[in-house]
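Survey of secondary and tertiary structure
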Amino acid sequence: MSSSFDKVKSTLPYLGVGLGLRREVAAETFEAGHVIDFLEVIPEQYLCKGGDTRERLNKARASMPLVVHGLNLSLGGASPLDQEYITRLKTFVQFTDAPWFSDHVAFASLGDLYLHELLPVPFCKETIEHMSRRIKMVKEQIEKPFLIENTTYYMSMPGSDMTEPQFLTELLEEADCGLLLDVNNVYVNSVNHGFDPFLFLDQLPLERVVQIHMAGHLAKEDIVLDTHGAPIADPVFDLLRYVLSKATVCGITLERDQNLPPFDEILAELSAIKIITAEAKQAKTSLELEKRP
Ligand SMILES: [Fe+2]
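Right, let's walk through the structure included here. (Residues numbered from 1 in each chain as written. Predicted model: local features only at pLDDT ≥ 70, side-chain atom pairs only at ≥ 80, totals over all residues.)

With that out of the way, let us pick up the overall build of the chain. Helix and strand counts for the chain stand at 10 helices and 12 strands. Against the 2.2 N^0.38 benchmark of 19 Å for 293 residues, the chain shows a C-alpha radius of gyration of 18 Å, consistent with a compact globule. The dimensions of the chain, computed from C-alpha atoms along their principal axes, are 50 × 50 × 45 Å. Within the chain, buried positions represent 40% of all 293 residues. Considering only contacts in the chain between residues 6 or more positions apart, those separated by 24 or more positions represent 79%. (Helix = DSSP H or I, 4+ residues; strand = E, 2+ residues; numbered from the N terminus. Rg over C-alpha atoms; globule rule 2.2 N^0.38 Å. Buried ≥ 20, exposed ≤ 12 C-beta atoms within 10 Å, placed from the backbone. Contact = placed C-beta atoms within 7 Å.)

Here is the structure:
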C-alpha cells in the first residue's frame, strides 16, 4: 500500500458484521444488539425529522457503533454540490460518531430536483476529474474518512471509454478515498453485462476496501435486478470469500430493504457472513504461520 489513504485506513476500527438499520425492523434490531456488531444508517431518513425517527437514531447511537451511508451527494451530477445538504450531513456524521461515511458512484439530482434514484455515470476521464474534485470538497468539509460505493447499472452510459475497474481504480486514486465494495452489485453487473466477477475484483485496488455490502437480488429470465429484497445468493457469498482472501476490511453490512423476512432469517444471514469472515481470518493466520521459518 502506498497512498495517503493507507494511513487513514490503518487508523479505522474493525467493526465486524453489521446491518443496515430499517424502520420496519428497528425494534428487533435493537433486541438483537448482542449479535449485531454495528449499524449502518442512511442520513436522508433522519435529517430534518423529529419524534419517533429521532428517537430511533438516539437508540441506535446508544446501542452500537454507527456508520453513515448517504444517497444524495450526487457526486456524478452536473449541478453544483448541495452545500446545505453537506452542512447537515456533517452535523449528522458528527452526531453519530461514525468512523467513516459513504455515498455512491452515481448522480442523484438534477438542479434542485432529487431523483430518488442512483443513476450511472460515464466511465471516462472527464467523470473522474469531475467526481474527484467533488469528493475532495466533501472530504475537506466533513473531515471524516470517505468511501465511494460501486453501483449497479443496466446500460452503459454514452461517453464511456474505460472499463468499470479502470474507472474505479483511477477515481479512487485521484480522489484518494476508500471503497465501499458492494459485492452483490458486482455480481448483478457481471451477469447483466457478461463479465467474470472474479476477474473484475482482481482489477480493483482491494487494499482500499474499508466496508463491504452484501445483499440479495432478483434473477429474471433476461436480467438480474438489484432489489435488496431476497436472501443473499450463493455466488455472492463466493465473491465475498474471494474478496476476504485478498483484502482486510473493517466492516461488512447486510442491506435488506424490501420483502423483509422474519428477523431470524436476517440474523441467520449475518451469522453466515460471520462464519465466512472467521474462516477467512483463520486461513490467513494459517498461511502466515506456514510462512514462518
Ligand atoms: Fe450497497
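Moving on to the environment of Leu287. Note that Leu287 resides in helix α10 (residues 263-291). The exposed category is assigned to Leu287, around which 10 C-beta atoms lie within 10 Å. The spatial distance from the C-alpha of Leu287 to the C-alpha of Leu239 is 20 Å, given a sequence separation of 48 residues.

Turning our attention to the packing of helix α5 (residues 125-142) against helix α6 (residues 164-175). If you want to describe how two helices pack, look at the angle between their axes and the distance between the axes. Where α5 meets α6, the closest approach of the two axes is 9 Å, and the angle between their N-to-C directions is 40°. Viewed along their axes, α5 and α6 adopt a mutual orientation that is oblique. The crossing of α5 and α6 is right-handed. Counted together, Ile128, Met131, Ser132, Ile135 and Lys136 of α5 and Phe167, Glu170, Leu171, Glu174 and Ala175 of α6 form the full contact between these two elements. Split by residue class, the contact of α5 with α6 holds 6 nonpolar, 1 polar and 3 charged. (Axes fitted to C-alpha atoms, helices over the stretch in contact; angles between N-to-C directions. Parallel < 35°, antiparallel > 145°, perpendicular 65-115°, else oblique. Left-handed = near helix turned anticlockwise from the far one by under 90°. Nonpolar A, V, L, I, M, F, W, Y, C, P; charged D, E, K, R; others polar.)

Pairing is parallel around the closed barrel formed by 8 strands, whose spatial order is β1-β2-β3-β4-β7-β8-β9-β12. Here the strands of the sheet are splayed against their neighbours by 30° on average, with no regard to which way each runs. (Pairing = 2+ DSSP bridges.)

This part takes up the packing of helix α9 (residues 234-246) against α10. Relative orientation of the contacting elements α9 and α10 amounts to 35°, with a least axis distance of 9 Å. The two elements α9 and α10 meet at a crossing, and its hand is right-handed. Counting all contacts with α9, which are made through Phe237, Leu240, Arg241, Leu244 and Ser245, the residues of α10 involved are Ile276, Thr277, Ala280 and Ala283. Each residue belonging to the contact of α9 with α10 can be placed in one class, and the counts come to 6 nonpolar, 2 polar and 1 charged.

Another aspect to go through is the environment of Pro120. Positionally, Pro120 belongs in the loop between β6 (113-119) and α5. In this structure, Pro120 is in contact with Ala106, Thr151, Tyr153 and Met157, ignoring residues within four places of it in sequence.

The next thing to look at is α9. Relative to the 18 Å expected for 13 residues at 1.5 Å per residue, α9 spans 19 Å between its end C-alpha atoms, a close match to the ideal helical length. Within α9, the full set of buried residues consists of Val236, Leu239, Leu240, Val243 and Leu244. Relative to the axis of α9, the buried residues are bounded by an arc of 135° and lie together on one face. Against β8 (178-182), α7 (183-193), α8 (197-202), β9 (209-214) and α10 lie the buried residues of α9. (Expected span 1.5 Å × (residues − 1). Arc of directions from axis to C-beta.)

Everything listed here is a matter of geometry and, on its own, says nothing about what the molecule does.
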